[in-house]
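Listed here are the chains, written in short residue letters.
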Amino acid sequence: AHLFSLSLLLSSGICLALRGGERPQRERERGRRRSDCLRARTLSLSFSLVRDFSLAARVSLPARGAGNDEGIKRERERKVSSRTRTLKRERSMAPTISTSRWWCRHHQRGPFTTTQRTTISKVSFLLCVLLLLAHFFARTFPRVIKEQQQKYIFQTGTNRLDYYRDGLNTNHQKEEVGMITYARREESEDEARLEEKSSHESSLSLSRFGSEKTREDDDVSESADTSGLDYASLPRVLLKGDKLQCKCGSWKCESFDQPRVSFVISREIEDVGDLLNVLNSIDAMDGDEGKDCEVLVNGDGLKSSSSSSKDNGEDGINALIAMIRKQGGFTNNLASYRNEPLERIVIVKSESGNNKNDDGVMLERLVSGALAAKVRFVENAGNVREETPMELKTTVLKRLRAVDSSSSSSSGSSSSSTPTSKADVHPRVSFAVQYFKRPNLVQKIATQLAGYAIKYNFAVEVLINDDSATEIQEWHEAFKQISHAIVCAGNVHEIRGYNRLALMSRAQIVAVIQDDDLPPTEPNWLIQAEDNFYEHKKLALIAGLVGQIQGGPDTGRWGKQRGRHVKQIPYYDSKGRPFMFVSWANIGPFVLKRDAFLSSGMFHDSYSCRGDPGIGFDYEYGIRLWRNNREVALQIMQFRYHVGASRTSGTRSSTNMKTRRDNIESRNTKLIHHVHKGFYVNHAPEGANKSPKAKAMSVKQTCKAATLPTLANKRLAKNRKDSKSGFFSG
């Protein structure tokens, strides 16, 4: 109604201003009315003059007599009454000058004709249409485009986030946006990244995995770019003037995290000297064949010359490290900028047995853990120099990482889906454990995780990133009854360690655990996570420690029971267990939906250098999920947190390490605010539990990072607490 009234007024004004469409007779009519106005003004002036002369001439004779007081008095009374009658007469007489002007203005144009009314209606309708179109393009159209982009991201796994797209041009070179610098390898530098995503036709490569034919639909989501990878490769993000910027010597830092080719030494080599010869051959390769590479090694049978067959594994890995140091490290393709022997080398030790399928599972883990789109198999030093070594392409990588395929794809016979060993059973959950020199907790953590499979028949696998390359044999003995793998990758720390373990995972759910957190005895927390992943389709991350919302009615620091400065979770899931949505959460533990983790870019390696802690990367990942149309939640997992000497070890073991840790946290906080500027705003800088002003804000006043979880929590308002939800019901 308001729009129509506005358009009607505008159209009327336009028509009156233009006076268009009048015929000649209308012009004559207007001239006649103009002359009538002139005559009316003349008559009015004449009447005024006549009236003034007549009033001046009316003087009674008795009033002229001098000294006649009575006559003067009667004359004055007569004048007063005469003046009153004159005023009444003037009001009823012909129009005055002012009324004549109004009369002329009113009758000069006359009422609207039929043509004018039609024109006004047409103009009003057109203005309404234009206003509606303007409203559509200003409000509705951008929302529709955004919904279509989010739907495309959800269906294809594409992760072209707007804040990354704004900072990158078409060839992915460096680009500066405000305080942030985005950098990614140029596509021309990587031949494998330009290969089209076609089906793999090499029967030789497929036969290595015991599969006779290829299923065309066994692909996972497309990558975020045209790299040919099956996971999103995010660009490196830097702050201007960052004093903690990674310095990788003469190499580009992204060449270590985004290699061009992954060499896989699939054969089980027992002698450390033979393995070192293969590594030296790869290091000495000329040209671009070995440039920016990584090497994945099967370390099951690796042992030093002085170790027995019973103690193989750890002694063999440490013997290899000692031999690399003794020869002065590598000098070419495998060289390190921080004097780390395993800088570009990843050694994987898995469960061993007499079953024929164990080798296939080990090979699958090696290849699925590769970071490059091209995989080249190497068996000995001579095989490295062959002109056409055996290769795997993108399609096979996708098939290996597609954990929802049938278990028979990894078995020797494709016609039977019956598992032939413990390794053939796809686990319900994969545990990704980050470990560094905490020997007192190895047996405690292993007992709890192995108990899920042994006591409760809950199929699991355990993947350990051993940055210190210690207690390898202890981990191996503790998990000898369940599927597991131990990865030694040269002290890359948690961000890169978790990312590689997630790639190697064979389950759809990945539980991220730190080495100072002790899991509960019963797997109730995993069952609750499975239930909520099934119920909330967009849910991609469930945390178990602390989560926050900084603005709106749900403002607070929520989390574990009896926590310091932590409020208990006020909402419940459909089965009455504590559960709520949050903007971001602290790691330890995290339960991830694996396909969402890979398609969203995994943990961002720009938040730490290799070997440094990445304080704040967990906050950034939660905010990025909300920005990518995913959801982040929090539940109670009953862990024992910070077990042992966690406050005096690790990144707090010395004053220098604690200072660097605090500096990294401060830098990453600034980086989060710059990267997610506009989407995330901290409305409670004094603390989520200490800001009544932030809690009093309405949903319309908060940023999207606070608005989205607040709106999602409204779906949980009808749920009620269940007092019996703490018992195992798996």
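Take the overall build of the chain next. Tallying secondary structure elements over the chain gives 22 helices and 20 strands in all. A buried classification covers 51% of the 730 residues belonging to the chain. Counting only contacts in the chain whose residues sit at least 6 apart along the sequence, the fraction spanning at least 24 positions is 78%. Approximately 36400 Å² of the chain is accessible, and the part contributed by carbon and sulfur atoms is 53%.

With that settled, consider the pattern of salt bridges. Throughout the structure, instances matching the rule amount to 19 salt bridges. A salt bridge links arginine 667 to aspartate 242; its shortest N-O distance comes to 2.7 Å. Placement of the pair is arginine 667 in helix 20 (residues 655–675) and aspartate 242 in the loop between strand 3 (236–239) and helix 8 (254–257), with a sequence separation of 425 residues. Taken as a pair, arginine 667 and aspartate 242 share a single burial class, namely buried. A salt bridge links aspartate 612 to arginine 660; the nearest nitrogen and oxygen atoms lie 2.6 Å apart. With a gap of 48 residues between them, aspartate 612 in the loop between helix 18 (594–599) and helix 19 (617–627) and arginine 660 in helix 20 connect regions that are remote in the sequence.

Where strands meet in a sheet, backbone hydrogen bonds hold them as pairs that are either parallel or antiparallel. Strands sit in the order 16-15-14-18 across an open sheet of 4 strands; the sheet is mixed. In this open sheet, the two edge strands, each paired with only one partner strand, are strand 16 (567–568) and strand 18 (584–585). Where strand 15 (residues 556–559) and strand 16 come together, 2 bridges link them in parallel fashion. The residue of strand 16 that forms the bridge with glycine 559 is glutamine 568.

Between glycine 588 and the following residue, proline 589, the backbone shows a cis peptide bond with an omega angle of -10 degrees. Relative to the assigned elements, proline 589 resides in the loop between strand 18 and strand 19 (590–593). Although it is not a glycine, asparagine 491 adopts a positive phi angle of roughly 55 degrees. Of note, the phi angle at histidine 642 is positive, near 55 degrees, even though the residue is not glycine.

Topologically, lysine 690 is positioned in the loop between helix 20 and helix 21 (692–695). For lysine 690, a relative accessible area of 61% translates into the label exposed.

Glancing now at the confidence of the model for the chain. Per-residue confidence for the chain gives a mean pLDDT of 76, with 66% of residues at or over 70. In this model residues 59–67 is a low-confidence stretch, pLDDT under 50, and it forms 7 contacts with partners more than four residues away in sequence or in other chains. For the stretch residues 187–226, pLDDT sits under 50, and the model shows 94 contacts to residues farther than four places along the chain or on other chains.

Moving on: the environment of isoleucine 509. Its location among the elements puts isoleucine 509 in strand 12 (residues 509–514). Once the C-alpha coordinates of isoleucine 509 and alanine 529 are considered, the two residues, 20 residues apart in sequence, prove to be 9.1 Å apart.

The buried count for helix 19 comes to 10 of 11 residues, which makes it a mostly enclosed element. The set of residues buried in helix 19 consists of Phe617, Asp618, Glu620, Tyr621, Gly622, Ile623, Arg624, Leu625, Trp626 and Arg627. Among the residues trailing helix 19, asparagine 629 stands out with phi positive, at a value near 65 degrees.

Turning our eyes to something else, we now look at a negative patch on the surface. Together, Glu268, Glu270, Asp271 and Asp274 make up a region of like negative charge exposed at the surface. Within the secondary structure, glutamate 270 sits in the loop between strand 4 (261–265) and helix 9 (272–283). For glutamate 270, a relative accessible area of 44% translates into the label partly exposed.

A two-sided burial pattern is seen for strand 7 (residues 375–378), the buried positions comprising Val375 and Phe377 on one face and Arg376 and Val378 on the other. As judged from the 4 bridges shared by strand 4 and strand 7, these two strands associate in the parallel manner. Along strand 7, the bridge assignment pairs valine 264 with phenylalanine 377.

Here we take up the packing of aromatic side chains. Counted under the stated rule, the structure contains 16 aromatic pairs. Pairing phenylalanine 597 with phenylalanine 603 gives two aromatic rings, centres 4.9 Å apart and planes at 75 degrees, and the pair type is edge-to-face. We note that phenylalanine 597, like phenylalanine 603, is buried. Following the ring pairs from residue to residue traces out a cluster consisting of Phe431, Tyr452, Trp525, Phe639 and Tyr641. Stacked on the ring of tyrosine 534, the Lys or Arg lysine 537 has its end atom at 4.1 Å from the ring centre.

There is a patch of nonpolar side chains on the surface, built from Phe125, Leu126, Val129, Leu130, Leu133, Phe136, Phe137, Phe141 and Ile145 and spanning about 850 Å² of accessible area. Checked against the element boundaries, leucine 133 lands in helix 5 (residues 114–156). Under the relative-accessibility criterion, leucine 133 is labelled partly exposed at 41%.

What follows concerns the state of the cysteines. Two cysteines, two sulfur atoms, one covalent bond between them: this is a disulfide. The full count for this structure, using the stated rule, is 2 disulfides. Between the sulfur of cysteine 246 and that of cysteine 609 lies a disulfide, 2.0 Å long from S to S. The disulfide joining cysteine 246 to cysteine 609 has a torsion of about -105 degrees about its S-S bond and is therefore left-handed. Remark: cysteine 609 occurs in the loop between helix 18 and helix 19 and cysteine 246 occurs in the loop between strand 3 and helix 8; sequence separation between them is 363 residues. On the accessibility criterion, cysteine 246 (22% relative accessible area) is partly exposed. Here cysteine 248 pairs with cysteine 253 through a disulfide, and the sulfurs are 2.0 Å apart. On the sign convention where negative is left-handed, the bridge of cysteine 248 and cysteine 253, at about 110 degrees about the S-S bond, is right-handed. Since its relative accessible area comes to 5%, cysteine 248 is described here as buried. Its relative accessible area of 12% is what places cysteine 253 among the buried residues.

For helix 14 (residues 442–454), with 13 residues, the first-to-last C-alpha span of 18 Å sits near the 18 Å given by 1.5 Å per residue. Those residues of helix 14 that are buried lie in contact with strand 9 (429–435), strand 10 (460–466), helix 15 (472–478), strand 12 and helix 17 (524–535).

A separate point is the side chain of asparagine 298. Topologically, asparagine 298 is positioned in strand 5 (residues 293–298). Of the residues examined, asparagine 298 reaches a relative accessible area of 6% and is grouped as buried. Here the side chain of asparagine 298 touches aspartate 300 through a polar contact of 3.1 Å, landing on its backbone nitrogen. Excluding anything up to four places from it in sequence, asparagine 298 contacts Ile265, Ser266, Arg267, Glu268, Val348, Met362 and Leu366.

With that out of the way, let us pick up the pairing of strand 19. Side-chain alternation along strand 19 places Phe590 and Leu592 on one buried face and Val591 and Lys593 on a second face that is also buried. Here strand 12 pairs with strand 19 via 4 bridges, running antiparallel. Of the residues in strand 19, the one forming a bridge with valine 512 is phenylalanine 590. Two strands pair when backbone bridges link them, and strand 13 (residues 539–543) and strand 19 are joined in this way by 3 bridges, in the antiparallel orientation. Directly across from leucine 541, in strand 19, lies its bridge partner leucine 592.

Parameters and conventions
- Residues numbered from 1 in each chain as written.
- Predicted model: local features only at pLDDT ≥ 70, side-chain atom pairs only at ≥ 80, totals over all residues.
- Heavy atoms only, no water.
- Helix = DSSP H or I, 4+ residues; strand = E, 2+ residues; numbered from the N terminus.
- Buried < 20%, exposed > 50% of the residue type's maximum accessible area, 1.4 Å probe, protein only.
- Contact = heavy atoms within 4.5 Å.
- Areas by Shrake-Rupley, 256 points an atom, 1.4 Å probe, with all protein chains shown as cover.
- Salt bridge = Lys/Arg side-chain N within 4 Å of Asp/Glu carboxyl O.
- Pairing = 2+ DSSP bridges.
- pLDDT = per-residue confidence, 0-100.
- Patch = residues over 30% accessible without salt bridge, like charges linked within 9 Å, V, L, I, M, F, W, Y side chains within 5 Å.
- Lys, Arg positive; Asp, Glu negative; His and termini not counted.
- Charge placed at Lys NZ, Arg CZ, Asp CG, Glu CD.
- Phe/Tyr/Trp six-rings, centres within 6.5 Å; stacked < 30°, edge-to-face > 60°.
- Lys NZ or Arg CZ within 6 Å of the ring centre and 35° of its normal.
- Disulfide = S-S within 2.5 Å.
- Expected span 1.5 Å × (residues − 1).
- Polar contact = N/O pair within 3.5 Å; in protein donor to acceptor, adjacent residues only side chain to side chain.

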